[in-house]
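The residues making up each chain are set out below.
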Amino acid sequence: MYAVLMNRFHDTYKKKAMKHPALSDAQYQQWCVHWSDPDFQKISSIKRDNRHSEVCGQGTGMSRHLGGSIPVLKHMDNMRKKASGESPNAWEVFQKIKCRNGVPVDEQSKQIKDRMDARIKQLTDEGVAYDINEVFGEVNAKTKKQRVVGLGSAASSFCIAPSGPSGESSGQSTRQVTEEIQQLKENLNIKDEEIRRLKEEQESMKEQFNEKLAEVFRRLDGTNEC
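Residues numbered from 1 in each chain as written. Predicted model: local features only at pLDDT ≥ 70, side-chain atom pairs only at ≥ 80, totals over all residues. Heavy atoms only, no water.

An unreviewed UniProt entry lists the chain under the name Transposase, with Heracleum sosnowskyi as the source organism.

Engineer: So what about the overall build of the chain? Which residues, and what values?
Structural biologist: When you go through the chain residue by residue, the secondary structure sums to eight helices and two strands. Written out in order from the N terminus, the α and β elements of the chain read α-α-α-α-α-β-β-α-α-α. The buried share of the chain, reckoned over its 226 residues, is 24%. If you take every contact in the chain between residues at least 6 apart in sequence, the share linking residues at least 24 apart comes to 47%. (Helix = DSSP H or I, 4+ residues; strand = E, 2+ residues; numbered from the N terminus. Buried < 20%, exposed > 50% of the residue type's maximum accessible area, 1.4 Å probe, protein only. Contact = heavy atoms within 4.5 Å.)

Engineer: Describe helix α6 (residues 107–126), and please don't skip the residues or the numbers.
Structural biologist: Over its 20 residues, α6 extends 29 Å from the first C-alpha to the last, a length consistent with the 28 Å expected when each residue adds 1.5 Å. Among all positions in α6, only Gln108, Ser109, Ile112, Lys113, Met116, Ile120 and Leu123 are buried. One side of α6 carries all its buried residues, which in axial view fall inside an arc of 125°. Within α6, the exposed residues directed more than 90 degrees away from the buried face are Lys121 and Asp125. Here the buried face of α6 lies against α5 (90–98), β1 (99–100), β2 (103–104) and α7 (132–139). Directly after α6, the chain includes glycine 127, whose backbone phi takes a positive value near 70°. (Expected span 1.5 Å × (residues − 1). Arc of directions from axis to C-beta.)

Engineer: Quick rundown of the environment of asparagine 133? Include the residues and the values.
Structural biologist: You can see asparagine 133 is positioned in helix α7. When the C-alpha positions of asparagine 133 and phenylalanine 158 are compared, they lie 6.4 Å apart, and in sequence the two are 25 residues distant.

The following block contains the structure:
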């Protein structure tokens, strides 16, 4: 909220050269000094250029999103609440942030969606089971900040690593986690089988003990009768 207010104050200062009504005269003077600082203006210029950069090439338009000032993790939490506690997957979050009614809001998002749709269709046609988060990590494009497009820092929630130097995500981290989970499941199954076998042996030994004990009692009864 603080950053949002500061942006509004600065926009009023830049566009209208006047004080925002929410600022006092003393605060306004302090902020004018800050906004006039060459270092601040340099950083502001860099950020402005970044916002207007065309990541997919000249003429493709700048990158856009529908997340507003709300963090992606907050969007995920809202989606989880609407889905009665079911967590959204990476593909659903991407479409929430980068698509309006299923239509990508910029060229970069369109390219990712096209690759994602094609990959899902391929896997479905081949009858291959897949993890939607892993597939999304594989087709997502590399960014300068090493973030997964459409997810930002929330990518770690899905164990998705940023793309490699080639510009295509290897999905290595996700596959590694999946393999480790599978290995743990196999180890658990082995342990369960060992426990089942031990229980069977225990039951067998218990039956043998009871039979021998019963035989001892029968012998004792026979001795007493004599």
